[in-house]
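Analysis of the macromolecular model
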Amino acid sequence: MTIALPRIGARLPDVSYRAYRVWQRNRDVYLRLWKAEAIWPLAEPLITLLALGLGLGELITEAELPGGQRYIEFIAPGILAVFPMWAAAGECGWGSFFRMENQRTYHAIIATPVSIEDVITGEILWGATRGFISSVYILAVSAAFGLLHSPLVLLVPVMAYVSSLMFASVSLSYTSIARSISSLNYFFALFITPQFWLGGVFFPLERLPEELQVASWFVPATHVVDIYRGLVQGHLNLGHLGDLAWIAVVAAIFYYVALISMRRRLIQ
Amino acid sequence: MAEIIRARNLVKRFDGFTAVDGIDFSVRRGECFGFLGPNGAGKTTTVRMISCVSPVTEGELVVDGMDVRREPRRIKASLGVVPQEDNLDPDLSVRQNLAVHARYFDMSRDLANQRIDESLALFQLVEKQHEPIWALSTGLKRRLTIARGLINQPKILVLDEPTTGLDPQARHLVWQKLRYLREQGVTMLLCTHYMEEAAHLCDRLVIMHQGRILVEGSPAELVEQYVGREVAEVRVSGPQRERVLAQMASGPGLTVEEVEDVLYIYARTPDGRAQMADLLLESESVAYHQANLEDVFLRLTGRGLVE
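Residues numbered from 1 in each chain as written. Chains lettered and ligands numbered in written order. Predicted model: local features only at pLDDT ≥ 70, side-chain atom pairs only at ≥ 80, totals over all residues.

**Some details on the overall build of chain B**
Spelled out, the test is: Strands are runs of DSSP state E lasting at least 2 residues, helices are runs of H or I lasting at least 4, and numbering of each runs from the N terminus. We call a residue exposed when 12 or fewer other C-beta atoms sit within 10 Å of its C-beta, buried when the count reaches 20 or more, and partly exposed for counts in between; the C-beta positions come from the backbone. Residue pairs are scored as contacts if the distance between their C-beta atoms, which are placed from the backbone, is within 7 Å.
Assigned secondary structure in chain B consists of 11 helices and 14 strands. With the principal axes as the frame, chain B shows a C-alpha extent of 75 × 45 × 35 Å. Residue burial in chain B is summarised as follows: out of 307 residues, 40% are buried. Looking at chain B alone, contacts between residues at least 24 apart form 69% of all its contacts between residues at least 6 apart.

The structure is reproduced here in structure tokens:
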């Protein structure tokens, strides 16, 4: 006699080492296109440091910034945080959506022993890698401006990878519910861009009204910028561990959301 | 011949819509098994369940001795899938597309390279191996997609509309390769709405309609059983039409189907042709053809437009 067991709604995500195969696929494509892909992560921080750091920065007196830094020194760590955020979120936003819907790459991959959860995991690992690559380019640009002094900056790419895991997971979660590529604009205009400008990169958050300062605690970029300030300026404290924990928790939550939501979208 | 796929009372429902409605079939090792039917008949849904990318709602589905619910990864490792849509990696070269796909099967680089060289040769793609995908014609892309599906030397090759959108030359080349693979003993599942393709390639087939299997058999058996030997397509109207229909009664070997302004008359006995000639002598417009799968298909699923 056979017993029909009730279908259990919540199944465990089926993640395996094959996520690495997906990462390798993305790496192979990147290596074919890397010259064109290198333009943004080099040009953007360079232009920002020139325009805001040197141009605007000369108008700002050092006394107004914490620790009496020059303005360009103030924004350098922030730029290290937010451009990799763009790289990771963009990769798992527009990039992933394009692979999924236009190129049907996910469909091709899940016809092999690779599971949809492997695909999602590989995509997020790759998004984080894009953040890592971006941070290396920006470090090079910042070094050329003579803005790096502490040996702790060597930890920046590691931190870029970790924080990009979070941004990639959040971005892919949104992508999993996006109906069209243009609906990703909401995510980038209302979530990523405000973090870029309001995450404490270009002015000290203490300048904001108190309510907004409280709200900024909930903004991922704030915690990332905090850590980079510590790394670039060469002093870390326990508060940075709190930032790191915050990032880890948010990354874990959205990784899980992306797994569940993408499976729901693609496996029907 | 041992069976390699077995479906019993297989059901697939999407939000209250039943795409596959309790079908039974089995596929034998080494044969080419066809799924025919109009768009929306449930063919693609059925092969997606076999390929473990669409969960089974109800029923039993066993592929190569494994339950699709329990061992999707192992089943997928022994399948090759050629999808209807083009999902090659446009940024990679022909050769890289095959290499990346081989990696999903955990193939070593040496083995992958050996298999890639073989399939590039078989599908006449050697000279194109370093070209990017966007530089390929539709026919070349199809050949590459089939080559990709074979990279793991699958026990079962799943083909969903493999020649849709190809010009006649390209289509015949694909058919030739598929016949070669069948001779090599590869089990093939073929979804198509090209009757000629099914007649060319399939050992056995099912015709599906609205989620159910209407008939099952070899192309020749089905033609013999459902339409006979010859078909006359007669365009007549008014009194002439009435007269032809009245005369039908005197032709015991004939059956007729009326669709709009056309009568399809099927000769089912050996002397059917003679009867048909007597019958239609005066008709203004008549075309004869040898009965084929398309007649079976249209008789069973209706000649009306299926949307």
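**Focus: the overall build of chain A**
Helix and strand counts for chain A stand at 10 helices and zero strands. Viewed in the frame of its principal axes, chain A has a C-alpha envelope of about 80 × 40 × 35 Å. The buried share among the 268 residues of chain A stands at 46%. Put simply, 81% of the contacts in chain A that link residues at least 6 apart link residues at least 24 apart.

**A closer look at the sheet that holds strand β13 (residues 262-267) of chain B**
Residues and elements named next belong to chain B. To keep things clear, this is the line we draw: DSSP-based pairing: two strands are paired if at least 2 bridges between them are found. Inter-axis angles, ranging from 0 to 180 degrees, are taken between N-to-C directions of lines fitted to C-alpha atoms, where helices are fitted over the stretch in contact.
If you trace the four strands from one edge of the open sheet to the other, you get β12-β13-β11-β14, paired in antiparallel fashion. Since the sheet does not close on itself, it has two edges, and those belong to β12 (254-259) and β14 (286-290), each with one partner. Pairwise comparison of adjacent strand axes, ignoring direction, gives a mean angle of 20° for this sheet. For β12 and β13, the ladder comprises six bridges, and the chain directions are antiparallel. In the strand pairing of β13, Val259 is matched with Val262.

**Observations regarding the domain arrangement of chain B**
Here is the rule: Each domain span listed reflects an automatic or database assignment of domains.
Assigned domains within chain B: domain 1 (3-220) and domain 2 (228-290). If you average the C-alpha positions of domain 1 of chain B and of domain 2 of chain B, the two centres end up 40 Å apart.

**Here we look at the interface of chain A and chain B**
Which entries qualify depends on this criterion: Ten residue types, Ala, Val, Leu, Ile, Met, Phe, Trp, Tyr, Cys and Pro, are classed as nonpolar, four, Asp, Glu, Lys and Arg, as charged, and the remainder, Gly among them, as polar.
Contacts between the two partners involve 21 residues from chain A, matched on the other side by 22 residues from chain B. Those elements giving two or more residues to the side of chain A that touches chain B turn out to be α1 (19-37) and α4 (105-110) of chain A. Here the side of chain A that touches chain B gets seven residues from one element, more than from any other, and that element is α1 of chain A. Its residues assigned to classes, the side of chain A that touches chain B comprises nine nonpolar, seven polar and five charged.

**Focus on unusual backbone geometry**
Excluding glycine, residues mostly carry a negative phi; peptide bonds, for their part, are mostly trans. Residue and element names in this part refer to chain B. In the Ramachandran plot, Asp106 falls in the positive-phi region, its phi being about 60° despite a non-glycine side chain. Although it is not a glycine, Glu161 sits at a positive phi angle of roughly 50°. The exposure class of Glu161 is partly exposed, given the 18 C-beta atoms found within 10 Å.

**Looking at the pairing of strand β1 (residues 3-14) of chain B**
Regular strands place their side chains on alternate faces of the sheet. Residue and element names in this part refer to chain B. In terms of strand pairing, β1 meets strand β2 (residues 17-28) through nine bridges, oriented antiparallel. The residue bridging Val11 from the neighbouring strand is Asp21, located in β2. Hairpin connection, β1 to β2: the antiparallel pair is bridged by two residues, and Asp15 has positive phi, about 40°.

**Some points on the packing of helix α3 (residues 94-104) of chain B against helix α5 (residues 138-149) of chain B**
Residue and element names in this part refer to chain B. Here is the rule we go by: Orientation is classified from the angle alone, with under 35 degrees giving roughly parallel, over 145 giving roughly antiparallel, 65 to 115 giving roughly perpendicular, and any other angle giving oblique. Helix crossings get a hand from a simple test, with the near helix turned counterclockwise from the far one by less than a right angle marking a left-handed crossing and a clockwise turn marking a right-handed one.
In contact at an axis separation of 9 Å, α3 and α5 are set at 25° when each is read in the N-to-C sense. Taken together, α3 and α5 sit at an angle that is classed as roughly parallel. Crossing geometry of α3 relative to α5 is assigned as right-handed. The residues of α5 that touch α3, namely those facing Val94, Asn97, Leu98 and His101, are Leu144, Ala147 and Arg148.

**What about the sheet that holds strand β5 (residues 66-67) of chain B?**
Residue and element names in this part refer to chain B. Taken in spatial order, the four strands line up as β2-β1-β4-β5 in an open sheet, and their pairing is antiparallel. Where the open sheet ends on each side, the last strands, each with one partner, are β2 and β5. Sheet topology places strand β4 (residues 58-63) next to β5; two bridges connect them, and they run antiparallel. Looking across to β5, one finds that Val62 is bridged to Asp67. Strand contacts of helix α1 (residues 43-50): β1, β2 and β4, with the helix running at about 120° to β1, the strand carrying the most contacts.

**What about the environment of Leu208 of chain A?**
Residue and element names in this part refer to chain A. Along the chain, Leu208 turns up in the loop between α7 (184-198) and α8 (210-216). Sequence separation between Leu208 and Arg18 is 190 residues, and the spatial gap between their C-alpha atoms is 46 Å. Residues in contact with Leu208, not counting those within four places in the same chain, are Gln213 and Ser216.

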